[in-house]
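# What the coordinates show
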Amino acid sequence: MSKGRFKIANTALFGVTAVTADTQHSFPRHTHDAFGVGIIRRGAQKSLSGRGVVEAGPGDIITVNPGEVHDGAPIGDHGRFWQMLYLLPETIAAATLDITDGGSGTFEFEHPVIRDARLAGRFRQLFATTTADDGAFLEGETGLLALVASVLRPRATAAATKSAGIRRAARLLDDDPARPVTLGRLAQEAGVSKFQLLRAFVRQTGFTPHAYQIQRRIDMVRRLIDAGSPLAEAAATSGFADQSHMTRAFVQRYGVTPGAYAAAVH
């Protein structure tokens, strides 16, 4: 599937999707529900990450964790060309069980940008293998395990710094993204004023409450499309005013239309 200069394709490996993009598009803050690892092949970009603002250029490996708020804008006038593999958390969990001989714990990509020529070569080979028409399954599995073992690290146990009130407010949006909700209702749930809610919500989630709600609605749209729902039904179920509203939000965050995404996954 391609839309403009984007291409999305399922691979033979379970839970692994390949994305190629050649674009000048600037992406606003958003999240993914999958792990992402890729490489900048041409051009450069600046992006927000869980480790602050970073820059990546040709040959750099780029990563993102599920739920990590990030954005992305090209550096210069010619955009950038990248290749990404998105891996479902279940795929990463299975890989880490193998890598750690059954060890438990949670893992994450520690560095949003990695400058390592050998690792970049491994990724290019893995991407070529997994996206080839006759992709060698065994070679792909081997390359994926080797790559994950190289870049994934145990997640440090962090102190619970998020306010319980803000977590409750966010959970209202998580549990039912389609439900209309007012700022006053969220503030009431959090036990703070509306102004206090706005400041604390952005600080703790990286989003305004409205942007957070739109992201959760887009997450719902992707799940519905994955399950085969028609686009108009996905828009209505997810709380968008209409299909056009859904499409604008989807394209802004991911660079492709919901229709193009549906064609790629089915």
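Please refer to the structure higher up on the page.
So, here is what we can say about the structure in this document. (Residues numbered from 1 in each chain as written. Predicted model: local features only at pLDDT ≥ 70, side-chain atom pairs only at ≥ 80, totals over all residues. Heavy atoms only, no water.)

## As for the overall build of the protein
Applied cut-off: Helix and strand definitions here come from DSSP, where helices need a minimum of 4 consecutive H or I residues and strands a minimum of 2 consecutive E residues; each element is numbered from the N-terminal end. The globule rule used for comparison is 2.2 Å times the number of residues to the exponent 0.38, while the radius of gyration itself is calculated over C-alpha atoms. For each residue, the accessible area found with a 1.4 Å probe, counting protein chains only, is set against the maximum for its type, and the residue is called buried under 20%, exposed over 50%, and partly exposed in between. Residue contacts are counted whenever heavy atoms from the two residues lie within 4.5 Å of one another.
A count of helical and extended segments in the protein gives 10 helices and 13 strands. Taken against the 2.2 N^0.38 rule, which gives 18 Å for 266 residues, the C-alpha radius of gyration of the protein at 19 Å falls within 12% of a compact globule. Considering only C-alpha atoms, the protein reaches an extent of 55 × 40 × 40 Å along its principal axes. Evaluated residue by residue, the protein yields a buried proportion of 45% over its 266 residues. Excluding contacts between residues fewer than 6 apart, the proportion of contacts in the protein whose partners are at least 24 apart in sequence is 69%.

## Topic: helix H9 (residues 243-254)
The condition that has to hold: Expected span, for any helix, means 1.5 Å times one less than how many residues it has.
In this model H9 runs 16 Å from its N-terminal to its C-terminal C-alpha over 12 residues, within 8% of the 16 Å that 1.5 Å per residue would give. Buried residues belonging to H9 abut strand S2 (6-10), strand S4 (27-30), helix H7 (209-226), helix H8 (231-237) and helix H10 (258-265). Phi turns positive, to about 80°, at Gly255, one or two residues after H9.

## Looking at the pattern of salt bridges
Where charged atoms from two side chains of opposite charge come close, those side chains can pair. Worth spelling out the cut-off: By salt bridge we mean one thing: a side-chain nitrogen of Lys or Arg within 4 Å of a carboxyl oxygen of Asp or Glu.
Going through the model one piece at a time under the given rule, you end up with 7 salt bridges. The salt bridge partner of Arg42 is Asp22, with a shortest N-O separation of 2.7 Å. Linking Arg42 in strand S5 (residues 35-43) with Asp22 in strand S3 (residues 16-23), this pair joins segments that are 20 residues apart in sequence. Residue Arg185 is joined to Glu189 by a salt bridge in which the shortest nitrogen-to-oxygen separation is 3.0 Å. Here the residue Arg185 and the residue Glu189 both occupy positions in helix H5 (residues 183-190), the gap between them amounting to 4 residues, near one helical turn.

## Comments concerning the sheet that holds strand S9 (residues 70-74)
Where we set the bar: Strand pairing requires that DSSP identify at least two bridges connecting the strands. To obtain each axis, a line is fitted to C-alpha atoms, and for helices this fit is confined to the stretch in contact; angles are then taken between N-to-C directions over 0 to 180 degrees.
In spatial order, the strands read S4-S9-S6-S7; together these 4 strands make up an open sheet with antiparallel pairing. The open sheet has two edge strands with one neighbour each: S4 and strand S7 (52-56). Averaged over neighbouring strand pairs, the angle between their axes works out to 20° when direction is ignored. Of the pairings in the sheet, the one linking strand S6 (residues 45-49) to S7 comprises 5 bridges and is antiparallel in character. By the bridge assignment, Gln45 is partnered in S7 with Ala56.

## Focus on the side chain of Thr23
Basically, it comes down to this: Pairs of N or O atoms are called polar contacts if they sit within 3.5 Å, as long as, within protein, a hydrogen donor faces a hydrogen acceptor (for residues adjacent in sequence, only side-chain-to-side-chain pairs).
Positionally, Thr23 belongs in strand S3. Here Thr23 falls in the buried class, since its relative accessible area comes to 6%. A distance of 2.8 Å separates a polar side-chain atom of Thr23 from the backbone nitrogen of His25. Here Thr23 is in contact with Arg5, Phe6, Gly79, Arg80 and Trp82, once residues within four sequence places are set aside.

## Some thoughts on the packing of H5 against helix H6 (residues 194-205)
The condition is simple: Orientation categories follow fixed angle ranges, with anything under 35 degrees roughly parallel, anything over 145 roughly antiparallel, 65 to 115 roughly perpendicular, and all other angles oblique. Residues are grouped as follows: Ala, Val, Leu, Ile, Met, Phe, Trp, Tyr, Cys and Pro are nonpolar; Asp, Glu, Lys and Arg are charged; every other residue, Gly included, is polar.
Relative to each other, H5 and H6 sit at 80°, their axes nearing to 9 Å. The orientation of H5 with respect to H6, classified from their angle, is roughly perpendicular. Of the residues in H6, those in contact with Leu183, Gly184, Leu186, Ala187 and Ala190 of H5 are Lys194, Leu197 and Leu198. Tallied by class, the residues present in the contact of H5 with H6 amount to 6 nonpolar, 1 polar and 1 charged.

Function-wise, these values are silent; they only describe arrangement.
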